[in-house]
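Notes for the structure review
Chain residues, written in single-letter form:
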Amino acid sequence: MAETGPARLDLRDPAALVATWFGIGLARWAPGTAASALALPAAWLLRTYTGELGLAIAALVLFAIGAWAAAAWERRTGVRDSPSIVVDEVVGQWISLLLVPADPAAYGIGFVLFRLFDVAKPWPIGLIDRHVKGGFGVMLDDVVAGAFAAVVLWNVWVWL
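In what follows, the accompanying structure is described.

1. Observations concerning the overall build of the chain
Each helix and strand counted, the chain has six helices and zero strands in total. Moving toward the C terminus, one meets the helices and strands of the chain in the order α-α-α-α-α-α. In terms of C-alpha radius of gyration, the chain reaches 15 Å, essentially the compact-globule figure of 15 Å for 160 residues. Seen through its principal axes, the chain has C-alpha atoms that stretch 50 × 35 × 25 Å. Counting only residues that meet the buried cut, the chain has 49% of its 160 residues in that class. Contacts spanning at least 24 positions in sequence make up 76% of the contacts within the chain whose residues lie at least 6 apart. Carbon together with sulfur atoms contributes 72% to the accessible area of the chain, which is approximately 8000 Å² in total.

2. Regarding the environment of Asp-141
Residue position: Asp-141 is located in helix α6 (residues 134-159). Taking the relative accessible area as the measure of exposure, Asp-141 reaches 0% and is therefore buried. With 52 residues separating them along the chain, Asp-141 and Glu-89 place their C-alpha atoms 9.7 Å apart. When residues no more than four places from it in sequence are discounted, the contact partners of Asp-141 are Asp-118, Lys-121, Ile-125, Ile-128 and Asp-129.

3. Structural notes on the packing of helix α3 (residues 87-96) against helix α4 (residues 104-120)
Relative orientation of the contacting elements α3 and α4 amounts to 125°, with a least axis distance of 9 Å. When the axes of α3 and α4 are compared, the pair comes out oblique. In this structure, the crossing between α3 and α4 has a hand that is right-handed. Between α3 and α4, the contacting residues are Glu-89, Gly-92, Gln-93 and Ser-96 on the first element and Gly-110, Phe-111, Phe-114, Arg-115 and Asp-118 on the second. In terms of residue class, the contact of α3 with α4 is made up of two nonpolar, four polar and three charged.

4. As for the side chain of Ser-96
As for its placement among the helices and strands, Ser-96 is situated in helix α3. Given the relative accessible area of 1%, Ser-96 is considered buried. For Ser-96, the side chain forms a polar contact with the main-chain oxygen of Gln-93, separated by 2.6 Å. If we skip the residues at most four places from it in the chain, Ser-96 touches Gly-110, Phe-114, Gly-146, Ala-149, Ala-150 and Leu-153.

5. A word on the side chain of Asp-129
Assignment of secondary structure puts Asp-129 in helix α5 (residues 125-131). Buried Asp-129, no salt bridge; nearest opposite-charge side chain is Lys-121, N-O distance 4.4 Å.

6. A look at the pattern of salt bridges
Applying the stated criterion across every chain, the model contains six salt bridges. For the salt bridge of Arg-47 with Glu-52, the shortest nitrogen-to-oxygen distance reads 2.8 Å. Taking the relative accessible area as the measure of exposure, Glu-52 reaches 44% and is therefore partly exposed. Residue Lys-121 pairs with Asp-141 through a salt bridge whose shortest N-O separation is 3.1 Å. Note that Lys-121 is positioned in the loop between α4 and α5 and Asp-141 in helix α6, a separation of 20 residues in sequence. Salt bridges sharing common partners tie together Glu-89, Arg-115, Asp-118, Lys-121 and Asp-141.

7. Overview of the nonpolar core
Among the nonpolar cores identified, the biggest contains 46 residues, and Trp-21, Leu-62, Ile-85, Val-87, Val-90, Val-91 and Trp-94 are the most heavily contacted of them. Taken together, the elements giving at least two residues each to this core come down to α1 (14-19), α2 (31-77), α3, α4, α5 and α6. It is α2 that contributes the most residues to this core, 14 residues altogether. In this structure Leu-62 touches Val-18, Trp-21, Val-87, Val-90, Val-91, Trp-94 and Met-139, once residues within four positions along its chain are discounted.

Here is what the cut-offs are and how they apply
Residues numbered from 1 in each chain as written. Predicted model: local features only at pLDDT ≥ 70, side-chain atom pairs only at ≥ 80, totals over all residues. Heavy atoms only, no water. Helix = DSSP H or I, 4+ residues; strand = E, 2+ residues; numbered from the N terminus. Rg over C-alpha atoms; globule rule 2.2 N^0.38 Å. Buried < 20%, exposed > 50% of the residue type's maximum accessible area, 1.4 Å probe, protein only. Contact = heavy atoms within 4.5 Å. Areas by Shrake-Rupley, 256 points an atom, 1.4 Å probe, with all protein chains shown as cover. Axes fitted to C-alpha atoms, helices over the stretch in contact; angles between N-to-C directions. Parallel < 35°, antiparallel > 145°, perpendicular 65-115°, else oblique. Left-handed = near helix turned anticlockwise from the far one by under 90°. Nonpolar A, V, L, I, M, F, W, Y, C, P; charged D, E, K, R; others polar. Polar contact = N/O pair within 3.5 Å; in protein donor to acceptor, adjacent residues only side chain to side chain. Lys, Arg positive; Asp, Glu negative; His and termini not counted. Salt bridge = Lys/Arg side-chain N within 4 Å of Asp/Glu carboxyl O. Core = buried A, V, L, I, M, F, W, Y, C linked by side-chain atoms within 4.5 Å.

The structure is reproduced here in C-alpha cells:
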C-alpha cells in the first residue's frame with residue numbers, strides 16, 4: 001500500500017525526523033538496509049566513548065522515542081509499519097552490537113546477521129511483526145531481531 005502522507009519530510013516535525021531517521025527512511029531503495037548501515041558509525045561512537053552501557057542506554061531511550069515517533073508516522077501516513085519508518089532498524093542494529101567490541105569485523109558481521117534476522121523474521125520475530133501493533137510493535141520485532149543477532153554474533157566472535 002502506498003503511503004498517503006506527504007512525500008517530503010517536514011523538518012519541523014520531530015516524530016517524522018525520528019521515525020524516518022532524519023529522512024533516510026524516504027530513500028527509494030532499501031531504506032531499512034541504509035538505516036542499519038548508517039547506524040554502525042553511531043554505534044561505534046557511542047560504544048567507544050560511553051562503553052557498552054552507553055550503547056545499551058542509547059538503544060533503550062531510542063526505543064521509547066522511536067515507538068512514539070513510529071505511532072505518529074503511522075497516523076500521519078495511514079500505513080501500518082511503513083517501510084519509511086527506519087528508527088526500528090537503528091535500535092535493532094545497535095542491540096545486535098552490544099556483546100562485541102567496537103571492531104570493524106564484528107560490526108560487519110553484526111550488520112549481516114541483523115539484516116538476515118530482520119528480513120527473514122524467524123519465530124518469534126515474524127509472530128511479533130504480525131500481531132503486535134502500533135509504534136511499540138514496529139520497534140519490538142527489530143529489538144528481538146537485534147537480540148537474536150547479538151547472541152549469534154557473540155558466539156561467532158568468541159569462536160573467532
